[in-house]
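One letter stands for each residue in the lines below.
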Amino acid sequence: MSNADRAAQSSILEQINFEFPEETIVAEEDNQPAKVPPTNTAWIVYTIDGTANFIRGLSVWSTTVGLVKDNEPIGGVTVIPGIRDEYVANQSDTFRNDG
């Protein structure tokens, strides 16, 4: 885990907590086991997938945020900033924006 992981997670959690203060957040960089609650709404945050690439300045790394309700996926987004690519999904569709 790098300082960049911690800073990115802090920024993402701050925004989610501001918009949805009552909802659970399960985040990769927490010092506790990640458990998605079986009921209610939860955000799942993976701040930097590919930390080694990120630290080396390579473009292949991503950030992913997902949303589940009652343990069922509602939607999510994966952003790969280095190649200006993003994927967004909901319960019925998947979209890609590549640059």
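Scroll up to find the structure.
The following paragraphs examine the structure supplied in this document.

Considering the overall build of the protein chain
Step number 1: Looking only at helices and strands, the protein chain features 2 helices and 6 strands.
Step number 2: Listed N to C, the secondary structure of the protein chain is α-β-β-α-β-β-β-β in terms of helices and strands.
Step number 3: Relative to the 2.2 N^0.38 estimate, which gives 13 Å for 99 residues, the radius of gyration of the protein chain is 14 Å and therefore close to what a compact globule would have.
Step number 4: C-alpha extents for the protein chain along the principal axes are approximately 40 × 35 × 20 Å.
Step number 5: For the protein chain, with 99 residues in total, the buried portion stands at 26%.
Step number 6: Per element, the accessible surface of the protein chain, about 6,600 Å² overall, is 52% carbon and sulfur.
Step number 7: A distance of 6 Å separates the average location of the 6 positive side-chain charges in the protein chain from that of its 15 negative side-chain charges.

Structural notes on unusual backbone geometry
Step number 1: If you check the backbone angles, Asp70 has positive phi at about 50° while not being a glycine.
Step number 2: Structurally, Asp70 can be placed in the loop between strand S3 (62–69) and strand S4 (72–80).
Step number 3: The backbone phi angle of Asn71 is positive, close to 70°, even though this residue is not glycine.
Step number 4: Mapped onto the elements of the fold, Asn71 is located in the loop between S3 and S4.
Step number 5: Accessibility expressed as a relative area gives 46% for Asn71, which makes it partly exposed.

Details of the nonpolar core
Step number 1: Ile12, Leu13, Ile16, Ile25, Ala27, Trp43, Val45, Val65 and Leu67 form the largest nonpolar core, which has 9 residues in total.
Step number 2: For this core, the element with the most residues is helix H1 (residues 3–19), which contributes 3 residues.
Step number 3: Excluding residues within four positions of it along the chain, Leu67 makes contact with Glu23, Thr41, Ala42, Trp43, Glu72, Pro73, Ile74 and Gly75.

Basis of the calculations
- Sequence order sets the numbering: in each chain, residues are counted from 1 along the sequence as written.
- Reporting of local features is limited, given that this is a predicted model, to residues whose pLDDT is at least 70; pairs of side-chain atoms are given and counted only at 80 or more, and all residues count toward the totals for whole chains, interfaces and linings.
- Excluding hydrogens and water, the side-chain values take into account all heavy atoms of the structure.
- Put simply, DSSP H or I for four residues or longer makes a helix, DSSP E for two residues or longer makes a strand, and each gets a number counted from the N terminus.
- Between the two quantities, the radius of gyration covers C-alpha atoms and the globule rule is 2.2 Å times the number of residues to the power 0.38.
- Buried means the residue's accessible area, taken with a 1.4 Å probe over protein chains only, is under 20% of the maximum for its type, while exposed means over 50%, and partly exposed covers the values in between.
- Only the protein chains shown count as cover for residues, and all accessible areas are computed by the Shrake-Rupley method using a 1.4 Å probe.
- Counted as positive: Lys and Arg. Counted as negative: Asp and Glu. His and the chain ends are not counted at all.
- Charged side chains are reduced to one point each, which is NZ for Lys, CZ for Arg, CG for Asp and CD for Glu.
- We define the nonpolar core as a collection of buried residues of types Ala, Val, Leu, Ile, Met, Phe, Trp, Tyr and Cys that are connected through side-chain atoms lying within 4.5 Å of one another.
- Any two residues having at least one pair of non-hydrogen atoms within 4.5 Å are treated as being in contact.

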